[in-house]
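These are the residues of each chain, in order.
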Amino acid sequence: MTAAVDSWRPLSPGERAVAIEVLLAGPLSRTELARRLDLSAGSVTRLTKPLIETGLLVEVPEAGEVLETRQGRPSQPLDVVAGSRSFLGFKITEDMVYGVVTSLRSDIVARHDRPLTTHDPAEVVELLGEMTEELAARHPRLAGVGIGVGGLVENRSVVGESPFLGWRDVPLAELVARRTGLPVVVENDVAALVEAETWFGAGRGLDRFVVLTIGAGIGYGLVLGGRRVPYAEEDRGFGRHWILDPHGPLTPDGARGSAVSLLTIPNIRYQVQAATGVDRGWEEILRAAAEGEPMPARVIEEAARALGTLVAQIANFVLPQKILLAGEGVGLMDVAGDTVTRTMRGQRHPLAAPLALETKVSDFHDWARGAAVLAIQVLVLGTADR
């Protein structure tokens with residue numbers, strides 16, 4: 001069993017507000033903190049003192065200045081001590097568990113992966129416990145664990161349904177917390193990725209932000225007012241019924257012409273195999289399309305038009321400041337990005353503001369990092385409820 005850091009304690013609402021502001025926007029002077037949070041100078045001093053005493057915040061030099069050791073310098077900026085706590089993030093797939101250790105600012109400092117040879121909940125919990133112990137030996141100040149799972153997750157603790165693991169109503173957070181002795185939070189993997197990008201990534205500081213992932217499935221996350229918007233369908237196969245082309249392909253997974261049928265890697269592979277009789281990997285299909293091989297090129301071009309349509313529809317209705325395109329399928333942009341852009345522009349108003357579309361090639365460690373951010377939120381928010 002791994003013990004949590006001894007300075008772990010829930011933060012008061014005022015401390016929480018200060019910690020979040022410094023974590024996301026620091027370093028900040030006390031004067032700037034007071035302005036941002038509409039607090040008096042005395043309140044800021046009262047709230048920051050315990051955060052400094054527990055090592056969560058520290059006074060830092062301003063640019064070009066050497067930090068003096070004397071106390072009582074109100075103008076000295078405050079910043080989080082990124083290395084004061086470490087956090088574990090796990091991404092569970094059908095056959096692997098991907099693990100990372102991050103700093104308080106979500107920088108990955110270690111990776112550790114193990115094969116998943118069984119889906120029995122008790123054995124998966126034991127594997128997570130073993131991985132935690134191995135990582136804790138090298139990173140002793142572990143403050144919490146986040147776990148990302150594909151499927152329906154309830155109350156950031158119970159895996160209500162995960163088809164690829166065959167789980168129903170598994171109290172994963174409770175089981176792993178009992179095994180490790182650490183605070184544990186569990187979330188749908190796409191939701192975890194959205195939280196990470198909102199706090200520390202492409203969506204930082206934005207009011208309206210969208211994450212769209214393409215890979216084994218289609219994932220979607222919406223941020224309004226700087227907060228992720230939960231919705232009932234997010235864990236139940238987003239895109240299976242979002243029809244982009246009613247005359248599009250019929251595949252084993254997803255309605256005819258749906259986002260899932262047109263854009264997911266398994267269904268693109270299925271289309272190429274159905275037409276050529278050869279089962280080819282994703283990277284091989286992309287290379288063949290780039291070289292002009294007729295059938296892969298046709299399928300990839302159709303997928304690119306579908307992606308451009310999907311992005312345009314999201315932009316037209318949500319009006320986001322930015323859309324982040326992520327996942328293991330974003331290599332599509334390298335081969336057919338011009339088609340995506342041309343289609344997207346053709347389906348938006350000519351005078352519409354240019355859309356900021358950012359592409360991020362994500363591996364499973366990025367998804368694990370998203371899970372670690374959940375644990376970071378638990379520390380600064382003091383609760384598993386976002």
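Because the structure is predicted, anything quoted here is derived from the model rather than measured.

(A) A look at the overall build of the protein chain. The secondary structure content of the protein chain amounts to twelve helices and 15 strands. Whereas a compact globule of 386 residues would reach a radius of gyration of roughly 21 Å, the protein chain reaches 23 Å, a difference of no more than 12%. The dimensions of the protein chain, computed from C-alpha atoms along their principal axes, are 75 × 55 × 35 Å. A buried classification covers 53% of the 386 residues belonging to the protein chain. Of all intrachain contacts in the protein chain linking residues separated by at least 6 positions in sequence, the fraction that spans at least 24 positions is 61%. Surface accessibility of the protein chain: about 16900 Å² in total, with carbon and sulfur atoms responsible for 52%. The positive charge centre, built from 39 side chains, and the negative charge centre, built from 49, are 5 Å apart in the protein chain.

(B) The arrangement of the packing of aromatic side chains in detail. One pass over the full model with this rule turns up two aromatic pairs. Between the aromatic rings of Tyr98 and Phe364, the centroid separation amounts to 4.9 Å while the plane-to-plane angle is 25°, which identifies the pairing as stacked. Within this pair, whereas Tyr98 is found in strand β4 (residues 96-102), its partner Phe364 is found in helix α12 (residues 364-381), the two being separated by 266 residues in sequence. Taking the ring centre of Trp367 as reference, the NZ or CZ of Lys91 above it sits at 5.3 Å.

(C) Local environment of the nonpolar core. With 40 residues, the main nonpolar core has Leu212, Leu263, Ile300, Leu307, Ile314 and Leu332 as its most contacted residues. Every element with two or more residues in this core is listed here: β11 (208-214), β12 (218-224), α7 (259-263), α8 (265-276), α9 (282-290), α10 (294-318), β14 (322-327) and α11 (331-346). The element contributing the most residues to this core is α10, with twelve residues. Leave out the neighbours within four places in its chain, and Ile314 touches Val210, Leu212, Tyr220, Trp242, Leu319, Pro320 and Ile323.

(D) Up close: the environment of Gly225. Summarising the element assignment, Gly225 is placed in the loop between β12 and β13 (227-228). It is 4.6 Å that separates the C-alpha atoms of Gly225 and Asp207, two residues lying 18 residues apart in sequence.

(E) Molecular detail of the packing of α10 against α11. Close contact between α10 and α11 brings their axes to 8 Å; oriented N to C, the two are set at 50°. Taken together, the axis directions place α10 and α11 in an arrangement best described as oblique. Crossing hand, α10 versus α11: right-handed. Between α10 and α11, the contacting residues are Ile300, Glu301, Ala303, Ala304, Arg305, Leu307, Gly308, Thr309, Val311 and Ala312 on the first element and Leu332, Met333, Val335, Ala336, Thr339, Val340, Arg342, Thr343 and Met344 on the second. Partitioned by chemical class, the residues of the contact of α10 with α11 number twelve nonpolar, four polar and three charged.

(F) Local environment of the environment of Asp169. Residue placement: Asp169 occurs in strand β9 (residues 167-170). Asp169 sits twelve residues away from Ser157 along the chain, and the two C-alpha atoms are 9.9 Å apart. Apart from residues no more than four positions distant in its own chain, Asp169 is found in contact with Val158, Val159 and Gly160.

(G) Local environment of helix α2 (residues 30-37). The set of residues buried in α2 consists of Arg30, Leu33 and Ala34. Relative to the axis of α2, the buried residues are bounded by an arc of 100° and lie together on one face. What points out from α2, more than 90 degrees from its buried face, is the exposed set Thr31 and Arg35. Positive phi shows up at Asp38, right after α2, with a value of about 55°.

(H) Inspection of the side chain of Ser106 at higher detail. Relative to the elements of secondary structure, Ser106 occurs in the loop between β4 and β5 (108-115). Within the local environment of Ser106, its side chain forms a polar contact with the side chain of Arg369, the two groups lying 2.8 Å apart. If we ignore the near neighbours within four places in the chain, the residues touching Ser106 are Phe200, Arg369, Val373 and Ile376.

(I) α12, seen in detail. The end-to-end C-alpha distance of α12 is 26 Å, a good match for the 26 Å that 18 residues give at a rise of 1.5 Å each. Where α12 begins, the capping side chain belongs to Asp363, and its oxygen is found 2.9 Å from the backbone nitrogen of His365.

(J) Spatial organisation of the pairing of strand β8 (residues 158-162). Here strand β7 (residues 152-154) pairs with β8 via three bridges, running antiparallel. Its bridge partner lying in β8, Leu152 is registered against Glu161. Joining the antiparallel neighbours β7 and β8 is a turn of three residues, in which Asn155 adopts a positive phi near 55°. In this sheet, β9 lies alongside β8 in antiparallel orientation, the contact comprising three bridges. Across the sheet, the residue bridging to Glu161 is Arg168, located in β9. Between β8 and β9, which pair antiparallel one after the other, the connecting turn spans four residues, and Gly166 there sits at a positive phi close to 70°.

(K) Quick peek at the pattern of salt bridges. On inspection of all chains with the given rule, the structure shows 23 salt bridges. Here Glu32 and Arg35 are joined by a salt bridge, their closest N and O atoms 2.6 Å apart. Placement of both Glu32 and Arg35 in helix α2 is noted, with a separation of three residues, approximately one turn of the helix. Residue classification places Arg35 among the exposed positions, given a relative accessible area of 57%. One network of salt bridges, with partners in common, ties together Glu21, Glu32, Arg35 and Arg36.

Analysis parameters
Residues numbered from 1 in each chain as written. Predicted model: local features only at pLDDT ≥ 70, side-chain atom pairs only at ≥ 80, totals over all residues. Heavy atoms only, no water. Helix = DSSP H or I, 4+ residues; strand = E, 2+ residues; numbered from the N terminus. Rg over C-alpha atoms; globule rule 2.2 N^0.38 Å. Buried < 20%, exposed > 50% of the residue type's maximum accessible area, 1.4 Å probe, protein only. Contact = heavy atoms within 4.5 Å. Areas by Shrake-Rupley, 256 points an atom, 1.4 Å probe, with all protein chains shown as cover. Lys, Arg positive; Asp, Glu negative; His and termini not counted. Charge placed at Lys NZ, Arg CZ, Asp CG, Glu CD. Phe/Tyr/Trp six-rings, centres within 6.5 Å; stacked < 30°, edge-to-face > 60°. Lys NZ or Arg CZ within 6 Å of the ring centre and 35° of its normal. Core = buried A, V, L, I, M, F, W, Y, C linked by side-chain atoms within 4.5 Å. Axes fitted to C-alpha atoms, helices over the stretch in contact; angles between N-to-C directions. Parallel < 35°, antiparallel > 145°, perpendicular 65-115°, else oblique. Left-handed = near helix turned anticlockwise from the far one by under 90°. Nonpolar A, V, L, I, M, F, W, Y, C, P; charged D, E, K, R; others polar. Arc of directions from axis to C-beta. Polar contact = N/O pair within 3.5 Å; in protein donor to acceptor, adjacent residues only side chain to side chain. Expected span 1.5 Å × (residues − 1). Pairing = 2+ DSSP bridges. Salt bridge = Lys/Arg side-chain N within 4 Å of Asp/Glu carboxyl O.

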